[in-house]
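Descriptive analysis of the structure
As a plain string of letters, each chain reads:
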Amino acid sequence: MIDNNFLQSLIEKPQKISNLKFEDISKILKEAKDIFKEESLLLEFQFLDNNEEVYVIGDIHGNLHSLLNILEIIKKNKPKITIFLGDIVDRGIRQLECLIIILALKILNPNKVFLLKGNHETLEMNQYYGFFQEFVQKFNDQEKFKDVLDVYYVLPFCAIVNDKILCLHGGIPEDIEILKKLKGLKHENINSVFKSVAEGLYQIIWNDPKDKLMGFAESFRGPEIKFFGEDVFNNFMKSNNLKYLIRAHECFPEGYRWFFNNRLLSIFSSANYRGFTHTSSNPASYAIIRDDKIFPINIKLS
Ligand SMILES: [Mn+2]
């Protein structure tokens, strides 16, 4: 067990994280992994009290400044639970700090803080966009990155709040049955159904909504990744008896963006995002779930 005061000190003074030895980082990764692997791949939360709030946080991408601003808001407003939609690392300048802070929060509050898998919680993306190189350069050993991958490997893929609100990183997959297949399934049981869920899980972390599109369409992001239109979105939601979808994965200059008659909310929690071709001046955004409704918020950073 890691000392709670030590974890708390990392959250309060993130500058300590870059001086940690690998042994400390490894302990945090392993303890977080042990918690995640006991969770269902589809998290389900029920709140009976309508005043209880869930905060949903989008991509962080190594933006420590945005993350610390969000944590201040959480500390002040005390939501019942907080769900991070993944993409914690890559691209930003404080990637290890962001990952370790969120894992420390998870270890300290396993029933209040949740992390879903994004497309950047993978080796391929980390090798291409920087976190793998940063980590290996710092700790001088490629093998040590395995501890990070062990965490990625057991992360849940989606969460449903009060049977009505689905949260995930990218979008709905073509497989309309995927949620039924994942229900109650833990990572250790995934082998039995892996073939039937693999493509759906991949699309959950990669797909994007698109206005004025019918059906699914090829995406510029890569083979097997899709755009989805309002008609297939409505089918998926109806078939699964869902009201809203909250997702992340895309940065919009205005902050959050609604799609499909205000039933899909897209959030992104890394302000002034350093994207592929240029730096955007977007505000960081997040969502609050209260009384089975969703409220998007753009943050003014301090
Ligand atoms: Mn993403």
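Going by the structure above, here's the rest.
Below, the structure is looked at part by part. Keep in mind that this is a model prediction, so the values were computed, not measured.

What counts and how
Residues numbered from 1 in each chain as written. Predicted model: local features only at pLDDT ≥ 70, side-chain atom pairs only at ≥ 80, totals over all residues. Heavy atoms only, no water. Donors = N, O, S within 2.8 Å, 3.2 Å for Na, K, Ca; no water. Helix = DSSP H or I, 4+ residues; strand = E, 2+ residues; numbered from the N terminus. Buried < 20%, exposed > 50% of the residue type's maximum accessible area, 1.4 Å probe, protein only. Lys, Arg positive; Asp, Glu negative; His and termini not counted. Salt bridge = Lys/Arg side-chain N within 4 Å of Asp/Glu carboxyl O. Polar contact = N/O pair within 3.5 Å; in protein donor to acceptor, adjacent residues only side chain to side chain. Core = buried A, V, L, I, M, F, W, Y, C linked by side-chain atoms within 4.5 Å. Contact = heavy atoms within 4.5 Å. Axes fitted to C-alpha atoms, helices over the stretch in contact; angles between N-to-C directions. Parallel < 35°, antiparallel > 145°, perpendicular 65-115°, else oblique. Left-handed = near helix turned anticlockwise from the far one by under 90°. Phe/Tyr/Trp six-rings, centres within 6.5 Å; stacked < 30°, edge-to-face > 60°. Lys NZ or Arg CZ within 6 Å of the ring centre and 35° of its normal. Pairing = 2+ DSSP bridges. Disulfide = S-S within 2.5 Å.

**Concerning the coordination of the manganese ion**
Only Asp-87 (OD), Asn-119 (OD1), His-169 (NE2) and His-249 (ND1) from the protein coordinate the manganese ion, and they sit 2.1 to 2.2 Å from it. Within one chain, the residues serving as donors to the manganese ion are arranged as D-x31-N-x49-H-x79-H. Of the two residues, Asn-119 is situated in the loop between strand S4 (113-115) and helix H5 (123-129) and His-249 in the loop between strand S10 (244-247) and strand S11 (257-259); the sequence distance between them amounts to 130 residues. The residues Asn-119 and His-249 share a single accessibility class, namely buried.

**So, the side chain of Arg-91**
Within the secondary structure, Arg-91 sits in the loop between strand S3 (81-84) and helix H4 (95-108). Here Arg-91 is buried and forms no salt bridge, its nearest opposite-charge partner Asp-87 lying at an N-O distance of 6.5 Å. A distance of 2.3 Å separates a polar atom in the side chain of Arg-91 from a polar atom in the side chain of Tyr-273.

**Brief notes about the nonpolar core**
One broad rule of soluble globular proteins: the nonpolar side chains tend to lie buried together. If you look at the biggest cluster of nonpolar residues, it comprises 52 residues, and the most contacted ones within it are Phe-84, Ile-88, Leu-103, Phe-131 and Phe-135. In this structure, Phe-84 is in contact with Ile-57, Leu-67, Leu-71, Ile-102, Val-113, Phe-114, Leu-115 and Leu-116, ignoring residues within four places of it in sequence. The next biggest cluster of nonpolar side chains, apart from the first, holds 31 residues, and it includes Ile-172, Ile-178, Leu-185 and Phe-259.

**A few points about unusual backbone geometry**
A positive phi angle, close to 80°, is found at His-249, a residue other than glycine. Judged by relative accessible area, His-249 falls into the buried class, the value being 6%. Positive phi, close to 60°, is recorded for Asp-292, a residue that is not glycine.

**Some points on the packing of helix H2 (residues 22-36) against helix H7 (residues 146-153)**
One can describe the packing of H2 onto H7 by two numbers: an axis separation of 9 Å at closest approach and a directional angle of 15°. Taken together, the axes of H2 and H7 are roughly parallel relative to one another. Read as a crossing pair, H2 and H7 show a hand that is left-handed. Between H2, through Phe-22, Ser-26, Leu-29, Lys-30, Lys-33 and Phe-36, and H7, the contact on the second element is made entirely by Asp-147, Val-148, Asp-150 and Val-151.

**Quick notes on helix H1 (residues 4-12)**
Those residues of H1 that fall on the buried side of the exposure criterion are Leu-7, Ser-9, Leu-10 and Ile-11. Residues of H1 that are buried make contact with H2 and H4.

**Notes on the packing of aromatic side chains**
For the coordinates displayed, the defined rule picks out 19 aromatic pairs. Both rings, one in Tyr-128 and one in Tyr-129, keep their centres 4.9 Å apart while their planes meet at 70°; by these two values the pair is edge-to-face. Both rings, one in Phe-228 and one in Phe-233, keep their centres 6.4 Å apart while their planes meet at 25°; by these two values the pair is stacked. A residue is classified by how much of its surface remains accessible, and Phe-233, at 0% relative accessible area, is buried. Each member of the aromatic cluster is reached from another via a ring pair, and the members are Phe-22, Phe-131, Phe-132, Phe-135, Phe-139 and Phe-145. Sitting over the ring of Phe-295, Arg-290 keeps its end group 4.7 Å from the ring centre.

**Here's the deal with the pairing of strand S9 (residues 222-228)**
Most of S9 sits inside the fold, with five of its seven residues counted as buried. The pairing of strand S8 (residues 216-219) with S9 spans four bridges and is antiparallel. Each residue of the ladder has a partner; that of Glu-218, found in S9, is Lys-226. A loop of two residues connects S8 with S9, the two strands running antiparallel in sequence.

**Quick word on the state of the cysteines**
Counted according to the given criterion, the structure contains zero disulfides. No disulfide involves Cys-158; its sulfur sits 9.3 Å from the nearest other cysteine sulfur, which is in Cys-167.

**Regarding the pattern of salt bridges**
When their charged atoms lie close together, side chains carrying opposite charge are able to pair. For the coordinates displayed, the defined rule picks out 17 salt bridges. The salt bridge partner of Glu-52 is Lys-80, with a shortest N-O separation of 3.4 Å. In this pair, Glu-52 sits in the loop between strand S1 (42-45) and strand S2 (53-57) while Lys-80 sits in the loop between helix H3 (64-77) and S3, placing the two residues 28 residues apart along the sequence. Judged by its relative accessible area of 39%, Lys-80 is partly exposed. One salt-bridge network, in which partners are shared between bridges, spans Asp-34, Lys-37, Glu-38 and Lys-186.

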